[in-house]
Amino acid sequence: MVGYVIYGRGSFNQLDEILAPHRKPNLPMVFLVDHFFDGKALAGRVPLRGNDKIIFADVSYEPKTTQVDQLAQQLKDEFGSVSGVIGIGGGSTMDLAKAVGLMMTNPGSSADYQGWDLVKQAGVYKAGIPTLSGTGAEVSRTTVLTGPTKKLGMNSDFTPFDQIVLDPELTADAPANQRFYTGMDCYIHCIESLTGTYLNEFSKSYGEKALQLCREVYVNKTGWDADSDDKLMMASYAGGMSIAYSQVGVAHAVSYGLSYLLGTKHGLGNCIVFDKLQDYYPEGVKEFKLMVEKNNINIPQHICAGLSDEDFDKMINVSLGMKPLWENALGKDWEKIITREKLRALYEQL
Ligand SMILES: NC(=O)c1ccc[n+]([C@@H]2O[C@H](COP(=O)([O-])OP(=O)(O)OC[C@H]3O[C@@H](n4cnc5c(N)ncnc54)[C@H](O)[C@@H]3O)[C@@H](O)[C@H]2O)c1
Ligand SMILES: [Fe+2]
């Protein structure tokens with residue numbers, strides 16, 4: 001779990017104080033900042049000291065192992081080591097920061113660590129500061145990376161941040177569509193966790209709270225305000241905690257295939273898939289459609305039109321590889337329930 005959590009409007013202003021005890025002589029704090037903030041006020045508020053460095057992370061595409069390796073190498077070449085890596089941004093930037101922090105001390109390529117518990121050494125100090133709410137990347141023990149052969153996280157006890165700073169002010173200017181797609185990642189985490197066969201009291205306690213907060217934001221309220229940002233940030237945290245002790249389900253398993261083949265982003269891909277999952281999550285999908293309509297959101301359709309048999313096979317292979325997700329969703333006999341033909345028919349609808 002994350003070592004230290006601070007929450008509240010304006011808490012970003014405490015960053016200098018928070019980092020001070022973790023500074024090592026002559027070694028910089030490196031701030032990986034989402035490129036959206038290049039030239040924006042937030043970048044000017046980063047508490048730089050000594051040889052600290054800001055690197056604007058290009059998150060046009062979701063993080064790749066090559067990008068992580070290149071960033072870690074750049075820092076090793078320039079500084080030898082660093083005091084810490086601070087990720088400021090959405091799930092992509094936070095994942096990059098976690099991975100680069102680990103690769104400062106672990107040998108080889110980040111691709112060598114895609115899997116479960118392959119990371120053997122603690123990384124440098126890592127802090128995460130979300131500017132979008134929903135992924136739960138701020139609390140999770142993974143960092144999702146696209147590597148040479150797979151899209152899979154570095155899941156390990158060393159992966160979670162040492163510190164997170166949850167300041168809802170930082171999410172205020174996110175565009176409505178992006179905010180919705182990332183927010184729905186959280187809603188879908190809740191539905192998949194709460195209806196899954198892996199469910200337990202730990203996951204249920206957090207999942208129910210996160211779901212309630214998502215509903216307040218997207219169903220009960222009539223517009224977006226500061227309170228919505230406050231609530232969604234805690235929903236993301238609780239939703240992330242919920243899946244930490246259970247698993248996601250069908251939407252994530254299918255969406256990973258889209259992302260692998262077409263590069264569809266995580267939140268958007270989940271929405272495109274969840275929209276068609278009425279057979280698996282009837283109540284959740286009904287409420288999702290209501291939220292889409294109420295919040296005036298556009299969910300792209302027919303993104304799989306014109307794909308070849310080979311393309312569909314690739315997506316089906318990636319998706320069926322996510323065994324724990326299917327088992328959580330459908331139980332031990334999942335392979336009898338979700339056949340390649342059924343999955344192909346589902347992909348054709350997207
Ligand atoms: N580690 C985990 O447990 C976990 C869980 C779920 C998803 N993820 C990963 O998170 C990523 C998705 O993250 P995301 O949905 O937060 O989006 P993102 O980080 O990919 O960012 C999406 C877009 O929003 C922009 N952006 C970020 N903050 C903004 C702000 N405040 N205002 C305006 N624009 C802003 C970014 O520049 C980018 O263009 C994927 O790479 C996914 O694999 C990780
Ligand atoms: Fe997710």
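Structure first, text after, so check above.
Attention here is on the structure that accompanies the text. In every chain, residue numbers begin from 1 and rise along the written sequence. Both sets of labels track the order of writing: A upward for chains, 1 upward for ligands. With pLDDT at 70 or above as the cut-off, local features in this predicted model cover only qualifying residues; side-chain atom pairs require 80 or more to be listed or tallied, and sums for whole chains, interfaces and linings still use all residues. Hydrogens are left out, water is left out, and the side-chain values use all remaining heavy atoms of the structure.

**Re the sheet that holds strand S7 (residues 144-146)**
Two strands are counted as paired when DSSP detects at least two bridges linking them. Per the convention used, a helix needs a DSSP run of H or I reaching at least four residues, while a strand needs a run of E reaching at least two, with both numbered from the N terminus. Pairing in this open sheet of three strands is mixed, and the strands run S5-S8-S7 from one edge to the other. The sheet terminates laterally at strand S5 (115-116) and S7, the two strands that pair on one side only. Where S5 meets strand S8 (residues 151-155), two bridges bridge the pair, whose relative direction is parallel. Within S8, the residue paired with tryptophan 116 across the bridge is asparagine 155.

**Looking at the coordination of the iron ion (ligand 2)**
A donor here means any N, O or S atom no more than 2.8 Å from the metal (3.2 Å for Na, K and Ca); water is not included, so a site may seem to lack partners. Looking at the iron ion (ligand 2), the protein donor atoms are Asp185 (OD), His189 (NE2), His252 (NE2) and His266 (NE2), and they sit 2.1 to 2.2 Å from it. Counting the intervening residues between successive donors of the iron ion (ligand 2) yields the motif D-x3-H-x62-H-x13-H. One end of the pair, aspartate 185, is in helix H5 (residues 176-194); the other, histidine 266, is in helix H9 (residues 266-274), and 81 residues separate them in sequence. Exposure class is identical for aspartate 185 and histidine 266. Each is buried. Here's how the labels work: a residue is buried when its accessible area is under 20% of the maximum for its type, exposed when over 50%, partly exposed in between, all with a 1.4 Å probe on protein chains only.

**Regarding H9**
Counting buried positions along H9 yields eight of nine residues, so the element is predominantly enclosed. Every buried residue belonging to H9 is among His266, Gly267, Gly269, Asn270, Cys271, Ile272, Val273 and Phe274, and all of these are buried.

**So, the packing of aromatic side chains**
Pairing of aromatic rings covers Phe, Tyr and the six-membered ring of Trp, with a centre-to-centre limit of 6.5 Å; geometry is then stacked below 30 degrees between planes, edge-to-face above 60, and tilted otherwise. Scanning the entire structure with this criterion turns up 10 aromatic pairs. With 5.2 Å between their ring centres and 80° between their planes, phenylalanine 180 and tyrosine 218 make a pair best called edge-to-face. With phenylalanine 180 in helix H5 and tyrosine 218 in helix H6 (residues 201-220), the pair connects residues that are 38 residues apart, well separated along the chain. Accessibility assignment for this pair places phenylalanine 180 and tyrosine 218 in one class, buried. With 6.3 Å between their ring centres and 85° between their planes, tyrosine 187 and phenylalanine 274 make a pair best called edge-to-face. Here tyrosine 187 is found in helix H5, whereas its partner phenylalanine 274 is found in helix H9, with 87 residues between them in sequence. For phenylalanine 274, a relative accessible area of 0% translates into the label buried. Following the ring pairs from residue to residue traces out a cluster consisting of Phe180, Tyr187, Tyr218, Trp224, Phe274, Tyr281 and Phe288. Criterion for a charge above a ring: Lys NZ or Arg CZ within 6 Å of the ring centre, and within 35 degrees of the ring normal. The aromatic ring of tryptophan 224 is capped on one face by arginine 179, whose charged end is 3.8 Å from the ring centroid.

**Remarks on the state of the cysteines**
Disulfide: a pair of cysteine sulfur atoms within 2.5 Å of each other. Within the structure shown, the criterion is met by zero disulfides. In this structure cysteine 190 is not part of a disulfide, and its nearest cysteine sulfur, from cysteine 186, lies 4.4 Å away. For cysteine 190, a relative accessible area of 0% corresponds to the buried category.

**A few points about the sheet that holds strand S6 (residues 125-130)**
If you trace the six strands from one edge of the open sheet to the other, you get S1-S9-S6-S4-S2-S3, paired in parallel fashion. Single-partner strands in this sheet number two, and they are strand S1 (4-7) and strand S3 (53-57). Each neighbouring strand pair of the sheet contributes to a mean axis angle of 15°, computed without reference to strand direction. Across four bridges, the pairing between S1 and strand S9 (residues 163-166) is parallel. By the bridge assignment, isoleucine 6 is partnered in S9 with valine 165. We call two residues in contact whenever any of their non-hydrogen atoms come within 4.5 Å of each other. Under this scheme, a helix contributes an axis fitted over its contacting stretch, all axes are lines through C-alpha atoms, and angles between N-to-C directions fall in the 0 to 180 degree range. The sheet contacts of helix H4 (residues 91-103) involve strand S2 (29-34), S3, strand S4 (84-89) and S6, and relative to S4 the element is tilted by about 170°. Along the sheet face, helix H7 (residues 226-244) touches S1, S6 and S9 and points at about 155° away from the line of S9.

**Some thoughts on the nonpolar core**
For this analysis, a nonpolar core means a set of buried residues of the types Ala, Val, Leu, Ile, Met, Phe, Trp, Tyr and Cys, connected via side-chain atoms within 4.5 Å. Residues Phe180, Tyr187, Phe274, Phe288 and Trp326 are the most contacted members of the largest nonpolar core, which totals 52 residues. A total of eight residues in this core trace back to one element, the largest contributor, which is H5. Residues contacting phenylalanine 274, with those up to four places away along its chain left out, are Tyr187, Ile188, Ile191, Ala251, Tyr281, Gly284, Val285 and Phe288. Grouped together as the second largest cluster of nonpolar side chains are 34 residues, Val68, Leu96, Val119 and Val139 included.

**A look at the pattern of salt bridges**
For side chains bearing opposite charge, pairing can occur when the charged atoms are close. Within this document, salt bridges are pairs made up of a side-chain nitrogen of Lys or Arg and a carboxyl oxygen of Asp or Glu, the two lying within 4 Å of each other. Tallied over the full model, the rule gives 19 salt bridges. For the salt bridge of aspartate 227 with lysine 221, the shortest nitrogen-to-oxygen distance reads 2.6 Å. Looking at aspartate 227, the relative accessible area reads 29%, which means it is partly exposed. Across the pair aspartate 227 and lysine 231 runs a salt bridge whose closest N-O atoms are separated by 2.9 Å. Remark: lysine 231 and aspartate 227 occur in helix H7; sequence separation between them is four residues, near one turn of the helix. Through salt bridges with shared partners, one network takes in Glu216, Lys221, Asp225, Asp227 and Lys231.

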